[in-house]
Amino acid sequence: MNKIFTLLYLLILNSAIASPNLIIILTDDQGYQDIGFNGCEDIPTQYIDSIAKNGVNCVDAHVSYPVCGPSRAGLLTGRYQDRFGFTTNPTVNPENPIAGLPLEEKNIAEVLKQAGYSSAIIGKWHMGTHPIHHPLNRGFDHFFGFLSGGHDYFPAKYNLKDLSEVKRIWDWYRTHLIRDRERIQVSKGYLTDILTDAAVAFIDKKAVEKKPFMLYLSYNAPHTPLQASDKYLKRFSHIKDSKRRTYAAMVSAVDDGVGRVIKSLKKHKIEEDTLVFFLSDNGGPLKGPMPFTDNGPFSKGKGSLHEGGTRVPFAVQWKGTIPAGQIYKKPMSSLDILASITALNNLKPHPKRPLDGVNIIPYLTGEKNSAPHDKLFWRKLTNQGFSLRQGKYKILLDNGRRDNSYKLYDLAKDPGEYKDIKNKHPELAESMFKEWEKWEKELKNCIFPTLEEVWWKR
Ligand code: CA
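Residues numbered from 1 in each chain as written. Predicted model: local features only at pLDDT ≥ 70, side-chain atom pairs only at ≥ 80, totals over all residues. Heavy atoms only, no water.

(A) Structural detail: helix 5 (residues 191–207). Look at helix 5: 24 Å from first C-alpha to last across 17 residues, which is about the 24 Å you get at 1.5 Å a residue. Of all 17 residues making up helix 5, 13 are buried, and the element is well covered by its neighbours. (Helix = DSSP H or I, 4+ residues; strand = E, 2+ residues; numbered from the N terminus. Expected span 1.5 Å × (residues − 1). Buried < 20%, exposed > 50% of the residue type's maximum accessible area, 1.4 Å probe, protein only.)

Here it is in structure tokens:
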């Protein structure tokens, strides 16, 4: 009898938690170790750390590509982005309807609409600049931010009305911000704070409606240009290197923002109804002799299929459901976010668009102890790069020819990928490579011009 009551209780509990609010806080180009919960010493991040403290630090979590656009296309669809040809950053061209997330793919806002969620994207979109790709035409109910892959941080620099006034590459960093479908004039402030204001306003509005919401808070910080306001810079006067100092200040602004978001959840007493993910969209860039980001023990960074490019700071909290204070060590993926919220809402993926992510929640609650992924795949089409993670092993060719020159690493012993052990395990390496080739047959080539193929040259 007791068992029946327990089962009934679990059923009721499960139905009660089926549709949590979802908040995805995404940073841009933040290094694996540029966060307190991964051991950063010079940039305190108490509020982001609180997500890991109140939930889980996922120490072996990956994005599906080591640069912005494709990584986000994977995250937002729960599918390897090469399945639909989003293999690189698309050109910024408001006249090109192909340069964006294909319409037949469904992003997380479009998916959650079926379960009655209302969704906002605050910050960087990067999924296309043609009007058909506008977030409000792609399932989102609210948009505050910018369409392109980056932006200046000080509104005083925004002197272009919209993308039609762009004459040179990167000029889109100075376009006016967009609220829903309108360009708006903001004359003061600091972009990271402005995005946080919009995020908190959205939570304040939605919390009282008592319907599930999804907030995709897509900060462009700490992506270049390195720009920070005095409020944050003065916290880091002890950092000598000026680039690192500014970068630290930018991370600190995000941390304050995360603190305000968490505080608003507390204020509305919806922490136990809200699943929060925090992650970076790729590893920290390591340009120049004095890189200002830190990917910890991992090799290389942004743009590379080495761990430094794809393994990112990643934390999850869901108070009352996911036990607090955990470190989760098995490999997982940003693709799991959409798969998790889809499963929690009992939504079935389209048979023609199966998900590559898995529902990670039972693994984080301890209900499942197996590995969520047998394999994780990556491809860099333009420079022939590829990698496959299988358990503790990884085969990798970062750049080069698609021949036998790839390497095999044991990440348990060698997280920095310094020691090629292919000669020791040739059969394992060969079988992994065959698995990777099989996977590649399911992929498409790039469907759009790249970022460098700028639209005014057409
Ligand atoms: Ca990025």
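(B) Summary view of helix 11 (residues 426–440). Relative to the 21 Å expected for 15 residues at 1.5 Å per residue, helix 11 spans 21 Å between its end C-alpha atoms, a close match to the ideal helical length. Residues Ala 429, Met 432, Phe 433, Trp 436 and Trp 439 constitute the buried set of helix 11. Projected down its long axis, helix 11 carries its buried residues within an arc of 115 degrees, all on one side. Helix 11 presents Glu 427, Lys 434 and Lys 438 as exposed residues on the side facing more than 90 degrees away from its buried surface. Here the buried face of helix 11 lies against strand 13 (375–380), strand 14 (385–390), strand 15 (393–397) and strand 16 (407–410). (Arc of directions from axis to C-beta. Contact = heavy atoms within 4.5 Å.)

(C) Geometry of the confidence of the model for the protein chain. Here the protein chain averages 94 in pLDDT, and 95% of its residues register 70 or above. With pLDDT under 50 throughout, residues 13–17 is counted as low confidence; its partners more than four residues away or in other chains account for two contacts. (pLDDT = per-residue confidence, 0-100.)

(D) Expanded view of the packing of aromatic side chains. Enumeration over the complete set of coordinates arrives at 19 aromatic pairs. For the ring pair Trp 125 and Phe 140, a centre distance of 5.7 Å and an interplane angle of 85 degrees mean the geometry is edge-to-face. Pair noted here: Trp 125 is in the loop between strand 4 (118–124) and strand 5 (142–146) and Phe 140 is in the loop between strand 4 and strand 5, with a separation of 15 residues, a long-range link. For the pair formed by Trp 125 and Phe 140, the shared burial category is buried. Ring centres of Trp 170 and Trp 172 lie 5.7 Å apart, and the angle between their planes is 65 degrees; this geometry places the pair in the edge-to-face category. Given a relative accessible area of 43%, Trp 170 falls into the partly exposed group. (Phe/Tyr/Trp six-rings, centres within 6.5 Å; stacked < 30°, edge-to-face > 60°.)

(E) Inspection of the side chain of Lys 422 at higher detail. Note that Lys 422 resides in the loop between strand 16 and helix 11. For the buried Lys 422, which has no salt bridge, the nearest side chain bearing the opposite charge is Asp 420, at an N-O separation of 5.8 Å. Within the structure, Lys 422 has its side chain in polar contact with the backbone oxygen of Asn 404 (distance 2.4 Å). (Lys, Arg positive; Asp, Glu negative; His and termini not counted. Salt bridge = Lys/Arg side-chain N within 4 Å of Asp/Glu carboxyl O. Polar contact = N/O pair within 3.5 Å; in protein donor to acceptor, adjacent residues only side chain to side chain.)

(F) Spatial organisation of the pattern of salt bridges. Per the counting criterion, the structure on display carries 33 salt bridges. For the salt bridge of Asp 152 with Lys 157, the shortest nitrogen-to-oxygen distance reads 3.6 Å. Given the relative accessible area of 38%, Lys 157 is considered partly exposed. Each of Asp 60, Glu 307, Arg 311, Arg 389, Lys 394 and Glu 417 takes part in salt bridges that share partners, so that together they form one network.

(G) Representation of the coordination of the calcium ion within the structure. Of the protein atoms, only Asp 28 (OD), Asp 29 (OD), Cys 68 (SG), Asp 281 (OD), Asp 281 (OD) and Asn 282 (OD1) coordinate the calcium ion, at distances of 2.2 to 2.6 Å. Here the donor residues of the calcium ion share one chain and are spaced in sequence as D-D-x38-C-x212-D-N. Linking Asp 29 in the loop between strand 1 (21–27) and helix 2 (46–53) with Asn 282 in the loop between strand 9 (274–280) and helix 8 (307–310), this pair joins segments that are 253 residues apart in sequence. One exposure class covers both Asp 29 and Asn 282, and it is buried. (Donors = N, O, S within 2.8 Å, 3.2 Å for Na, K, Ca; no water.)

(H) Geometry of unusual backbone geometry. Put simply, Ala 221 and Pro 222 share a cis peptide bond, and its omega is 0 degrees. In this fold, Pro 222 is placed in the loop between strand 8 (213–218) and helix 6 (230–233). With omega at 5 degrees, the peptide bond leading from Thr 224 into Pro 225 counts as cis. Backbone geometry places Trp 170, a non-glycine residue, at a positive phi of 75 degrees. Summarising the element assignment, Trp 170 is placed in the loop between strand 5 and strand 6 (177–179). Phi is positive for Lys 269, which is not a glycine, with a value near 55 degrees. By secondary structure assignment, the location of Lys 269 is in the loop between helix 7 (242–267) and strand 9.

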